[in-house]
Every structure is written in C-alpha cells, then in structure tokens.
Amino acid sequence: MRGRRDRTLLRRHVGARRAALARQPVGMTRAEPATAELVRTAMREVAAVARARDIALGEADVERMMAVYRGFSADTTSSMQRDLAAGRPSELEYQNGAVVRFGRAAGVPTPVHETIYASQLPGEVLARQV
C-alpha cells in the first residue's frame, strides 16, 4: 500500500510542480527547456524520497511520468495551479509539503520542492484564513 501511495504521489506531481512556479499551461512549460528540466528534477526528488522510504522508484519511473507530462494537452493546468491563482486553498501541503517533510525525515535533499513550497506557502496560508 505504501508503495502504491508513493507512486501515486509521483504521478500527481507531474503537473503540480510546474504549475506552482510557472503558472502557465503545460504547453508553455514543456516548450521551455529550463522549465521542463525543473519538472524532471522535481520528479527525481520524489523518486529519491521514495527510495529512502524503501519504495522502488527509479529513473524509468521518472521517464514514464515525463512521458505523461509530454502527453498532456497544451492547455492543461493542474487543480493546484487553478486554486493558487484563484486564492483558494490548494493541495500544496499534501503534495509539495509532503515531499519536503518526507525528504527531511529521510535526509534526502528536495531543493525544488522546498522552493515551490516556501514560495507558495504565504498565499496558501492566506487562502486558508479566509
């Protein structure tokens, strides 16, 4: 069960990561090499955290999820992206925040997730106060 949850986390993070910082639809983020590489790096962080938790996720899993990302319609946005843009509570704590917490607990660096989480947290806190 735990492995299944971590694999689900990897799949769900495909869109959420690029959306939180770039605030652009998939077509724009995958067309920009630096942003697409940021997505790949974030996927690798999830895989590293999963491995530290005895979940077998590797580069092949990352590449599979990158293929999913490349297959999204160009106008695709994530629910987290839409929530953050609208000032609504989002899944930030349960997605990026979870990767950061699990990474810290396992001693695995997650600099992309930490940046996304820290940069979006003020808006998330404000949305939850309303």
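Refer to the structure printed above.
Note that the structure is a prediction, hence the values are computed from the model and not measured. (Residues numbered from 1 in each chain as written. Predicted model: local features only at pLDDT ≥ 70, side-chain atom pairs only at ≥ 80, totals over all residues. Heavy atoms only, no water.)

Remarks on the packing of helix α3 (residues 33-52) against helix α6 (residues 96-106)
Using the following cut-off: Only the contacting stretch of a helix is used when fitting its axis, a line to C-alpha atoms as for every element, and angles between N-to-C directions run 0 to 180 degrees. Secondary structure elements are defined from DSSP: runs of H or I of at least 4 residues count as helices, runs of E of at least 2 residues count as strands, and each element is numbered from the N terminus. If an angle is under 35 degrees, it is roughly parallel; if it is over 145, roughly antiparallel; if it lies from 65 to 115, roughly perpendicular; otherwise it is oblique. Definitions for this section: a left-handed crossing has its near helix turned counterclockwise from the far helix by less than a right angle. A right-handed crossing has that turn clockwise. Should any heavy atoms of two residues lie within 4.5 Å, those residues are considered in contact. By the convention adopted, Pro, Cys, Tyr, Trp, Phe, Met, Ile, Leu, Val and Ala count as nonpolar, Lys, Arg, Asp and Glu as charged, and the other residues, Gly among them, as polar.
Two numbers describe how α3 lies on α6: the axes approach to 9 Å, and their chain directions differ by 45°. Between α3 and α6, the interaxial angle falls into the category oblique. Like other packed secondary-structure pairs, α3 and α6 cross with a definite hand, here left-handed. When α3 is examined against α6, the residues Val46, Val49 and Ala52 are found in contact with a partner set consisting of Val99, Phe102, Gly103 and Ala106. Of the residues in the contact of α3 with α6, the class split is six nonpolar, one polar and no charged.

Some thoughts on the environment of alanine 127
By the secondary structure assignment, alanine 127 is in helix α7 (residues 111-129). For alanine 127 and serine 90, which are 37 residues apart along the polypeptide, the C-alpha to C-alpha distance reads 8.5 Å. Beyond its immediate stretch of four places on either side in the chain, alanine 127 contacts Gly87, Arg88 and Pro89.

Let's talk about the packing of α3 against α7
One can describe the packing of α3 onto α7 by two numbers: an axis separation of 8 Å at closest approach and a directional angle of 105°. In terms of orientation, α3 and α7 fall into the roughly perpendicular class. Facing Leu38, Thr41, Ala42, Glu45 and Val46 of α3, the residues of α7 in contact are Pro111, Val112 and His113. In terms of residue class, the contact of α3 with α7 is built from five nonpolar, two polar and one charged.

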